[in-house]
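Descriptive analysis of the structure
Here is how the chains run, residue by residue.
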Amino acid sequence: MTKEDKPDKNALEAGVGEAGGVLDALRARQAELEIENAGLRQAEGERNATEGALHRSEAEFRNLFELSMVGSAQADPDTGRLLHVNRMLCEITGYDADELLGKSIAEVTYPDDRQACWSGLRDLLAGKLDVYISDKRYLRKNGEIVWVNVQVKALRDDQGRPLSRIAVIQDISARKKAEAVTRENLDLQGQLTKIAATVPGVICSFKLRPDGSMAMPYATAALDTLYGLRPEDVCDDARLMIERIHSGDTGYVLETIAASARSMTAWRAEYRILHPRKGTLWVEGHSMPQREPDGSVLWHGFLMDVTERKRMEAALRDSERLYRAIGESIDYGVWVCAPDGRNIYASESFLKLVGMSQQKCSDFGWSSLLHPDDAERTLKAWMECVRNGAVWDVEHRFRGADGLWHDVLARGVPVRNERGEITHWAGINLDIGRLKRVEQSLRDSEAELQSAQAVARTGSWRLDVRRNELHWSDESHRIFGVPKGVPQTYETFLATIHPDDRAFVDQAWQAALRGEPYDIEHRVVA
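Residues numbered from 1 in each chain as written. Predicted model: local features only at pLDDT ≥ 70, side-chain atom pairs only at ≥ 80, totals over all residues. Heavy atoms only, no water.

**Let's talk about the packing of aromatic side chains**
Think of a pair of aromatic rings as described by two things: how far the centres are apart, and how the planes are tilted against each other in angle. Under the convention used in this document: Any two of the Phe, Tyr and Trp rings considered here, Trp counted by its six-membered ring, make a pair once their centres fall within 6.5 Å; the pair's planes then place it as stacked at under 30 degrees, edge-to-face at over 60, or tilted in between. Distance and angle both matter: a charge sits over a ring if NZ of Lys or CZ of Arg is within 6 Å of the ring centre and within 35 degrees of the ring normal.
Scanning all chains against the criterion turns up 13 aromatic pairs. Lying across the ring of tryptophan 147, lysine 176 places its NZ or CZ 4.4 Å from the centre.

As structure tokens, this is what we get:
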């Protein structure tokens, strides 16, 4: 090796230095690559973790979607075509999943609800709504209508463009039915309230608790008119009502309540109350009890003011006593019969006369005491009178408790209502025994007079000036030569006078009418 071939020390050192620099650069690059590789490995791990989490999230969502107790659906944002549906939505609509996936939301929506549904979904897709919520109707596969609550949210991309619509659908048919029943009940309650306002009384409920306390859970506003209390005054505690009852009737009312509760039978009572503004009022109550689960007894019924009726009943009783007294003042008194002629009342004086009770006298029992010669005639005439609605006026004889026959004049008339229908027959029984005896005495006296006149050949006469009716005794008929039975007047009398005496007789008669004595002699034409 020549000197020239020997390496230059300086050049060698320079080359070594240059190689060391390259090596350092390589080491630095290697370190950078290792750092980059570590970052890539970390990123890969994070990506794998993210993908795993996403898969798990999707699986969880799918499980929630499928197993949800409400209907769920995913639909195309533009066409509304169903992309995914769960089991509950199939149950709600009656379609299976394959059938639903071929339909749009509009196709299962009730026709009358589609317009409102489209309008709401347009606002949702336009971003005017974050969530679209609506109660609407679906048409099931079998044609039935089902009410649902729908909540829809739009899924959007990074630019806010809608990718799909996610809907949660809940069957609310039961709720809608309950709401309809509630509305009907409210309507019915309103109608009942209006009806109750027209009822002349208080419609109410009354409760007797196991501890003996009382309440009126419900009462119409008429309670103030009847008791001077508001319904809220006695809703929980009815003591104020009990305190308003007349002291003489309180025990009676409480006993009727207790008896109804024991037997669970209808409650009815009439009692007095002391109204703070109206004074004493009469109240009539009716109600039916029912046993409550807590052991209470609850009555439903009504209370009404019967003060006027009580006043009229009292007046009627007074009137009955008055007319009964008047009837009893008449010998043999008064009687009342049903429209068909059956006796329903006879005064005490008649019952004493014949020795009968009212029960035996009722119907046609009275006829058993008629004189045999009068019985058939009287009954036949009475039934004919009942058929014709005529006035009853008959004389007959009854066998008395004393064993004697008593002459009775029965008179009566039909009592009719406003329609002209006979509701009763009313009349009197008159004791005509004394009259009959007087008549017989008169007949006997007249017979004796006729005999005396025949012996004395003297007649008698009587002229009813107002009626122009002339009555002659038998002897007068013989003297004037006029047969009995021919109606006589003053003119027929003048016709029997001798023509030469007629003017004289008439003048004497006219003077007698003026108060002068009538005492003349004249001739008759025999």
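**Focus on empty space enclosed by the protein**
Using the following cut-off: Whether a set of points on the 1 Å grid over the protein atoms alone is a cavity depends on a 1.4 Å probe fitting there but being unable to get out, while an open set qualifies as a pocket with protein on both sides within 12 Å along at least five of seven lines; lining residues are those with an atom within 4 Å of a point. Grid points are joined across faces, edges and corners, and a volume is the space filled by probe spheres set on the points. Secondary structure elements follow DSSP: runs of H or I of four or more residues count as helices, runs of E of two or more count as strands, with numbering from the N terminus. Ten residue types, Ala, Val, Leu, Ile, Met, Phe, Trp, Tyr, Cys and Pro, are classed as nonpolar, four, Asp, Glu, Lys and Arg, as charged, and the remainder, Gly among them, as polar.
All told, the structure shown has 4 cavities of 30 Å³ or more when counted by the stated rule. Of the voids in this model, the largest cavity is the one considered here, and its volume is about 230 Å³. For the largest cavity, the lining is made up of 19 residues, of which Phe206, Met216, Ile257, Trp267 and Leu303 are closest to its centre. Mapped onto the lining of the largest cavity, the elements with two or more residues apiece are strand 6 (202–208), helix 8 (239–244), helix 9 (250–263), strand 8 (267–275), strand 9 (279–291) and strand 10 (297–305). Considering each element in turn, the lining of the largest cavity owes the most residues, 4 residues, to strand 10. Per-class residue counts for the lining of the largest cavity are 15 nonpolar, 4 polar and no charged. Taken as a whole, the second largest cavity encloses approximately 180 Å³ of empty space. As for the second largest cavity, its lining consists of 13 residues, and the residues nearest its centre are Trp335, Asn343, Trp366, Ala410 and Asn429.

**Section: unusual backbone geometry**
Within the chain, methionine 264 stands out as a residue other than glycine whose phi angle is a positive 55°. One can find methionine 264 in the loop between helix 9 and strand 8. Backbone geometry places aspartate 363, a non-glycine residue, at a positive phi of 60°. Locating aspartate 363 in the fold gives a position in the loop between helix 12 (358–361) and helix 13 (372–388).

**What to know about the side chain of threonine 93**
Selection criterion: Note on definitions: a residue-residue contact is assigned when non-hydrogen atoms from the two residues lie within 4.5 Å.
Relative to the assigned elements, threonine 93 resides in helix 2 (residues 87–93). With residues up to four places along the chain from it excluded, the contact list for threonine 93 reads Leu100, Tyr138, Leu139, Arg140 and Lys141.

**Examining the sheet that holds strand 12 (residues 343–346)**
Going by this rule: DSSP calls a pair of strands paired once it identifies at least 2 bridges connecting them. Axis angles are defined between N-to-C directions and span 0 to 180 degrees, where every axis is a line fitted to C-alpha atoms and, for a helix, only to the segment in contact.
Pairing is antiparallel across the open sheet formed by 5 strands, whose spatial order is 12-11-15-14-13. Single-partner strands in this sheet number two, and they are strand 12 and strand 13 (392–399). For this sheet, the mean inter-axis angle between neighbouring strands, taken without regard to orientation, is 25°. With 3 bridges connecting them, strand 11 (residues 334–337) and strand 12 associate as antiparallel partners. Residue pairing for strand 12: valine 336 is matched across the bridge by tyrosine 345.

**Digging into the sheet that holds strand 2 (residues 82–85)**
Taken together, 5 strands build an open sheet; the order of strands is 2-1-5-4-3 and the sheet is antiparallel. At either margin of the open sheet sits one strand with a lone partner, and together these are strand 2 and strand 3 (132–139). Averaged over neighbouring strand pairs, the angle between their axes works out to 30° when direction is ignored. Direction of pairing for strand 4 (residues 145–156) relative to strand 5 (residues 162–171): antiparallel, over a ladder of 9 bridges. Bridge pairing in strand 5 links alanine 154 to arginine 165.

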